Number of protein chains: 2
Amino acid sequence: MSADPRLSINQATIKYADLATALRVTAEAGIPAIGLWREPVNDVGLDVAARMLADSGLRFTTHCRGGFFTLPDGPERLAALDDNRRAIEETATLAAAGGDGSTAVLVLVAGGLPAGSRDLVGARERVRDALGALAPDAEAAGVTLAIEPLHPMFASDRAVVSTLGQALDLAADFDPHVVGVAVDTFHIWWDPQVLEQIARAGREGRIATYQVCDWKTPLPADVLLSRHYPGDGVIDFGSLTRAVVEAGYVGDVEVEIFHADVWADDPARVVRRTAEAFAAAVSPHLS
Amino acid sequence: MSADPRLSINQATIKYADLATALRVTAEAGIPAIGLWREPVNDVGLDVAARMLADSGLRFTTHCRGGFFTLPDGPERLAALDDNRRAIEETATLAAAGGDGSTAVLVLVAGGLPAGSRDLVGARERVRDALGALAPDAEAAGVTLAIEPLHPMFASDRAVVSTLGQALDLAADFDPHVVGVAVDTFHIWWDPQVLEQIARAGREGRIATYQVCDWKTPLPADVLLSRHYPGDGVIDFGSLTRAVVEAGYVGDVEVEIFHADVWADDPARVVRRTAEAFAAAVSPHLS
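Residues numbered from 1 in each chain as written. Chains lettered and ligands numbered in written order. Predicted model: local features only at pLDDT ≥ 70, side-chain atom pairs only at ≥ 80, totals over all residues. Heavy atoms only, no water.

**Observations regarding the pairing of strand 7 (residues 207-212) of chain A**
All names here are of chain A.
Turning to step 1, where the next piece is worked out: With respect to burial, strand 7 is a largely interior element, 6 of its 6 residues being buried.
Turning to step 2, where the next piece is worked out: With 4 bridges joining them, strand 6 (residues 179-184) and strand 7 adopt parallel strand pairing. By the bridge assignment, V183 is partnered in strand 7 with Y210.
Turning to step 3, where the next piece is worked out: Sheet topology places strand 7 next to strand 10 (residues 253-255); 3 bridges connect them, and they run parallel. Paired with V212 across the two strands is V255, which belongs to strand 10. (Buried < 20%, exposed > 50% of the residue type's maximum accessible area, 1.4 Å probe, protein only. Helix = DSSP H or I, 4+ residues; strand = E, 2+ residues; numbered from the N terminus. Pairing = 2+ DSSP bridges.)

Listed below in structure tokens is the structure:
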């Protein structure tokens, strides 16, 4: 069995699989690449995780995730920045262990408003400051920080970076090899500026990762878990994927699904179904 | 008892009150203005509603709502346009019956993707076409159509107009007295471009109504009902209200809350609490 040669499984899609299981079912489904999450990596320890990844033969596409650095100055902010530095080191180690074509990309979710704050503008400025603090570490480690704009329904509690244009504005102060953006269909499909901002991201050399999953209503009670298999919702993967291709992105494409039913399913079945959904909804637009 | 002289109660805030009750509790709370909804108006009939409004002494601020015209050509689209023409006539009649300072503003919610469609770009073009079809009727009736951008979490199922900038782009083809925009804090507070787009809306003479309510997480299971009293959430009414004032808006300010608990409460208590919340969170920024 083989899957699209550019498909990568983001580990969150099989959230409850441990690292060994995630690597095994992905490889067994003929999927050539995987994006990892920090928690399951650290459950086995970084060095062991790197050896397991190398043994799997899979390419490593992204490490998820850093960020959550919107707090004002103080010990909690310093701790968050230090944690991001550890995530940068993890990313470099895993990328070195992954197969040929692995990328050293750390996805950053900015974080929401601090408790009790209404200062969205200030929180966004602190994201810029945090990027400035972390960029030298990322550059030294050969890691690209990928700012991920999240859907505006998460603007208060999860990510004050809400559009691709805003993410590119934040990235503009930095070398594109050090700070790029994550283009995730779920978060940006609704944006009237999405196609022009994808083109801009390509021109500016900022597309660090392309992630896909689908949007469907009604939203579940926990809107965080409203991500679907590509093709099961209303997102036009044709126009978005062609825009990413025309913008010059030649890397792997991650499928990242947060959904209670998907998480409750057998991981081997989930990755097979992901490969099928990807082949139908995304692959035709990649060439 | 008196409330802010620019406060208007949007009737949806007391959704289960009939028209007579809505007018009575609003006037009794010392609130000088009201925005009406089509259903309770048509429950008593337009002429009766207009007389009741005139007798109440309240200013009439907006009629809610027209729109829902994203369907492709066919009888359903024609029916939607005809329904909007009736809404335009209702708006003109109610504005003529309202007190001095009443405005003839019809709020438009664009509608979502047609069932089975993934063509967001096409749906947005059909909104433009519908405005073109309705503008002559609005102009003849002396009614301003106010395009309301809705939060992007409603982009697929309720309104394909998702940002203030997009609404202004749609309005740009028309005279500002015929097509303007609704500036609603709940829908646009998250937008990194919100302040510059409010300023633009003022420069272009397009702010037809300013509506306020608050955003708070976690969102309820039905995200449509996640609107809160001003001050109960995270929206910075200071910066947004000052931007609207600096943009030259001198009209009334509606409070429009969709929330199960608010709707279950006594309408007289809801309008009093609305006046108090408005006085604390919004009034200080209006002068």
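Here the narrative resumes, following the displayed structure.
**With respect to the pattern of salt bridges**
Turning to step 1, where the next piece is worked out: Counted under the stated rule, the structure contains 32 salt bridges over all chains.
Turning to step 2, where the next piece is worked out: Between E125(B) and R128(B) there is a salt bridge, and its shortest N-O distance comes to 3.5 Å. Of this pair, E125(B) and R128(B) are both found in helix 5 (residues 120-141), 3 residues apart, which corresponds to roughly one turn of the helix.
Turning to step 3, where the next piece is worked out: Note on E125(B): relative accessible area 38%, which makes it partly exposed.
Turning to step 4, where the next piece is worked out: Take R128(B): its relative accessible area is 26%, and that puts it in the partly exposed class.
Turning to step 5, where the next piece is worked out: Through salt bridges with shared partners, a single ionic network connects R38(A), D83(A), R86(A) and E90(A). (Salt bridge = Lys/Arg side-chain N within 4 Å of Asp/Glu carboxyl O.)

**Some details on the relation of the copies chain B and chain A**
Turning to step 1, where the next piece is worked out: Each copy superposes on the other: chain B lies on chain A with an RMSD of 0.0 Å after a rotation of 180° and an axial shift of 0.0 Å. What the superposition gives is, in effect, a two-fold axis relating one chain to the other. Among all residues of chain B, the minimum C-alpha distance to the rotation axis is found for A221(B), at 2.1 Å. (Least-squares fit on C-alpha atoms with pLDDT ≥ 70 in both.)

**Here we look at the interface of chain B and chain A**
Turning to step 1, where the next piece is worked out: Taken together, the contact pairs 29 residues of chain B with 29 residues of chain A.
Turning to step 2, where the next piece is worked out: Between chain B and chain A the total buried area reaches about 2300 Å² when both faces are included, carbon and sulfur atoms providing 62% of it.
Turning to step 3, where the next piece is worked out: When the buried surface of chain B facing chain A is broken down by residue, R118(B), W190(B) and P192(B) rank first, second and third, together holding 24% of it.
Turning to step 4, where the next piece is worked out: At the junction of chain B and chain A, the tally comes to 0 salt bridges.
Turning to step 5, where the next piece is worked out: Put simply, chain B and chain A have 10 residue pairs in polar contact (both at pLDDT 80 or more) between them. (Contact = heavy atoms within 4.5 Å. Buried area = accessible area lost by both parts, 1.4 Å probe. Polar contact = N/O pair within 3.5 Å; in protein donor to acceptor, adjacent residues only side chain to side chain.)

**Looking at the packing of helix 6 (residues 164-171) of chain B against helix 8 (residues 194-203) of chain B**
Residue and element names in this part refer to chain B.
Turning to step 1, where the next piece is worked out: Close contact between helix 6 and helix 8 brings their axes to 9 Å; oriented N to C, the two are set at 25°. As summarised for this structure, helix 6 and helix 8 are arranged roughly parallel, according to the angle between their axes. Handedness of the crossing formed by helix 6 with helix 8: left-handed. Along the contact surface, helix 6 presents L164, G165, L168 and D169, while helix 8 presents Q197, I198, R200 and A201. (Axes fitted to C-alpha atoms, helices over the stretch in contact; angles between N-to-C directions. Parallel < 35°, antiparallel > 145°, perpendicular 65-115°, else oblique. Left-handed = near helix turned anticlockwise from the far one by under 90°.)

**Considering the side chain of E148(A)**
Residues and elements named next belong to chain A.
Turning to step 1, where the next piece is worked out: Its place among the elements puts E148 in the loop between strand 5 (144-147) and helix 6 (164-171).
Turning to step 2, where the next piece is worked out: This buried residue, E148, is left without a salt bridge; R227 holds the nearest opposite charge, at 5.1 Å.
Turning to step 3, where the next piece is worked out: Those residues in contact with E148 that lie beyond four places of it in its chain are V107, L108, V109, V161, A182, D184, H187, Q211 and E256. (Lys, Arg positive; Asp, Glu negative; His and termini not counted.)

**Looking at the packing of aromatic side chains**
Residue and element names in this part refer to chain A.
Turning to step 1, where the next piece is worked out: Going through the model one piece at a time under the given rule, you end up with 11 aromatic pairs over all chains.
Turning to step 2, where the next piece is worked out: When the ring of Y16 is compared with that of W263, the centres are 5.9 Å apart and the planes differ by 75°; the resulting orientation is edge-to-face. Placement of Y16 in the loop between strand 1 (7-10) and helix 1 (19-28) and of W263 in helix 10 (residues 260-264) is noted, with a sequence separation of 247 residues between them.
Turning to step 3, where the next piece is worked out: W263 sits in the buried class, given a relative accessible area of 13%.
Turning to step 4, where the next piece is worked out: Site record: aromatic cluster; members linked through ring pairs are Y16, W37, F258 and W263.
Turning to step 5, where the next piece is worked out: One residue, K15, lies across the ring of W263, its end atom 5.0 Å from the ring centre.
Turning to step 6, where the next piece is worked out: The ring of F258 has R227 lying over it, and the distance from NZ or CZ to the ring centre is 5.2 Å. (Phe/Tyr/Trp six-rings, centres within 6.5 Å; stacked < 30°, edge-to-face > 60°. Lys NZ or Arg CZ within 6 Å of the ring centre and 35° of its normal.)

**Examining the sheet that holds strand 7 (residues 207-212) of chain B**
In sheet architecture, strand pairing relies on hydrogen bonds along the backbone and comes in two forms, parallel and antiparallel.
Residues and elements named next belong to chain B.
Turning to step 1, where the next piece is worked out: On the basis of which strands lie adjacent, the closed barrel formed by 8 strands has the order 1-2-3-4-5-6-7-10 and parallel pairing. On average, each strand axis in the sheet is inclined to that of its neighbour by 30°, with strand direction left out of account.
Turning to step 2, where the next piece is worked out: Contacting strand 2 (33-37), strand 3 (59-67), strand 4 (105-109) and strand 5 (144-147), helix 4 (residues 75-97) runs over the sheet at an angle of about 180° to strand 3.
Turning to step 3, where the next piece is worked out: Packed onto the sheet, helix 11 (residues 267-281) meets strand 1 (7-10), strand 7 and strand 10 (253-255) and runs at close to 135° relative to strand 1.

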